[in-house]
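# Observations on the model geometry
Here are the chains, one letter per residue:
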Amino acid sequence: MTFVQLIDCRTSRIDEMNRLMDQWVEQTKGKRTATHAVVGKDRSDASHVIEIVEFPSYEEAMRNSNLPETDLIFRELVALCDEMPTFTDLDVVRDEPLYAAQARRFFDTVAIRGPLPPLNDLIAEHYHDHDPANEQDQLGLDNMRREIDMWRGAFDFTFTIEDQITQADRVCTRWSWYGIQTGEFMGLPNTGRQVSMTGTTVFRFDHDGKICEAWWQYDRLGLLGQLGALDELEK
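The paragraphs below set out a description of the structure included in this document.

### Considerations on the overall build of the chain
The helix and strand inventory of the chain stands at six helices and 10 strands. For 235 residues, the compact-globule formula gives about 18 Å, and the C-alpha radius of gyration of the chain, at 25 Å, lies well above that figure. Considering only C-alpha atoms, the chain reaches an extent of 75 × 40 × 30 Å along its principal axes. When each of the 235 residues of the chain is scored for burial, the buried share is 37%. Partitioning the intrachain contacts of the chain with sequence separation of at least 6 by distance along the chain shows that 63% fall at a separation of at least 24. When the accessible surface of the chain is summed, it comes to about 13900 Å², and 50% of that surface belongs to carbon and sulfur atoms.

The following block contains the structure:
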């Protein structure tokens, strides 16, 4: 279970505290067990600072605390504080990566059978699509909806999410796609063949939690080969 430690302190020397944290990061390289650290300053009280440090488990946090470098930094941290900092140990009972879940919902939604649902709650009206298979970037929700309809008209397909990585407002998803051709695709007649390909998509989300930009990389050439488009070239 993920474990989080909150360090609550008061200091007028925030710049020195940041330098101290940089020093700790450098000194514990290859040793520390912390996976994520955030330092926040109270908007209503500039001397009130909270550091949030995440660990894979309580046991890993204790290993981190027992490092000689951590002990040294702690004593220097106390010296920078106006009063003794307090520590709160938290077992994480819920950790919801909201943008990652929204990205998964996109792949599930575009692959469902039947009419394509409204995408207004998933994709922003000002959406910007980067797809190397298209001569120009697609701009706007309506263009994206037409692109999705083109794929849905040519295949019955599903996505399998292999990996997701989130950072700030972006989610990178590595996916596998499986389909059966049911209609014309890029001028190729319906073959009824089962096909597959892999790809990676990076979504950027706006402040409303909607996808506002995307970058696609996928094996379209491999897909065309499975549909027989390259047969003459291979002879």
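### Description of the sheet that holds strand E8 (residues 170–181)
One open sheet accounts for six strands, arranged E6-E5-E10-E9-E8-E7; its pairing is mixed. Single-partner strands in this sheet number two, and they are strand E6 (138–139) and strand E7 (155–167). Across four bridges, the pairing between strand E5 (residues 123–130) and strand E10 (residues 211–218) is parallel. Residue pairing for E10: His130 is matched across the bridge by Trp215. Along the sheet, helix H4 (residues 98–110) makes contact with E5, E7, E8, strand E9 (194–205) and E10, crossing E7 at roughly 170 degrees. Most of the contacts of helix H5 (residues 141–154) go to E5, to which it runs at about 65 degrees, and overall it touches E5, E6, E7, E8, E9 and E10.

### What about the nonpolar core?
The biggest cluster of nonpolar side chains holds 35 residues, and the ones touching the most others in it are Phe106, Phe155, Trp177 and Trp216. Of all the secondary-structure elements, those providing two or more residues to this core are H4, E5, H5, E7, E8, E9, E10 and helix H6 (220–226). Each residue touching Phe106, except ones within four places of it in the same chain, is listed here: Leu122, Ile123, Met144, Ile148, Phe203, Ile211 and Trp216. Judged by nonpolar contacts, the second largest core, of 16 residues, contains Phe3, Met17, Leu20 and Leu80.

### Digging into helix H1 (residues 14–27)
Along its 14 residues, H1 runs 20 Å from first to last C-alpha, staying within 8% of the 20 Å computed at 1.5 Å per residue. Turning to H1, the residues buried within the fold contact strand E1 (3–10), strand E3 (48–55), helix H2 (58–65) and helix H3 (68–80).

### Concerning the pairing of E1
In this sheet, E3 lies alongside E1 in antiparallel orientation, the contact comprising eight bridges. In the sheet register, Arg10 faces E3, and the bridge partner there is His48. Two strands pair when backbone bridges link them, and E1 and strand E4 (residues 86–91) are joined in this way by six bridges, in the antiparallel orientation. Its bridge partner being in E4, Val4 is matched across the sheet by Leu90.

### Here we look at the packing of H1 against H3
Remark: H1 packs on H3, axes separated minimally by 10 Å, with the N-to-C direction vectors making an angle of 180 degrees. By the criterion of interaxial angle, the relationship of H1 to H3 is roughly antiparallel. Contacts between H1 and H3 involve Glu16, Met17, Leu20, Gln23, Trp24 and Gln27 from the first element and Glu69, Thr70, Ile73, Glu76, Leu77 and Leu80 from the second. Looking at the contact of H1 with H3 residue by residue, the class counts come to six nonpolar, three polar and three charged.

### Describing the pattern of salt bridges
In total, this model carries 11 salt bridges according to the counting rule given. For Glu69, the salt bridge identified is with Lys31, shortest N-O distance 2.6 Å. Of the two residues, Glu69 sits in helix H3 while Lys31 sits in the loop between H1 and strand E2 (36–41), which places them 38 residues apart along the sequence. For Glu69, a relative accessible area of 14% corresponds to the buried category. Looking at Lys31, the relative accessible area reads 41%, which means it is partly exposed.

Cut-off values and rules
Residues numbered from 1 in each chain as written. Predicted model: local features only at pLDDT ≥ 70, side-chain atom pairs only at ≥ 80, totals over all residues. Heavy atoms only, no water. Helix = DSSP H or I, 4+ residues; strand = E, 2+ residues; numbered from the N terminus. Rg over C-alpha atoms; globule rule 2.2 N^0.38 Å. Buried < 20%, exposed > 50% of the residue type's maximum accessible area, 1.4 Å probe, protein only. Contact = heavy atoms within 4.5 Å. Areas by Shrake-Rupley, 256 points an atom, 1.4 Å probe, with all protein chains shown as cover. Pairing = 2+ DSSP bridges. Axes fitted to C-alpha atoms, helices over the stretch in contact; angles between N-to-C directions. Core = buried A, V, L, I, M, F, W, Y, C linked by side-chain atoms within 4.5 Å. Expected span 1.5 Å × (residues − 1). Parallel < 35°, antiparallel > 145°, perpendicular 65-115°, else oblique. Nonpolar A, V, L, I, M, F, W, Y, C, P; charged D, E, K, R; others polar. Salt bridge = Lys/Arg side-chain N within 4 Å of Asp/Glu carboxyl O.

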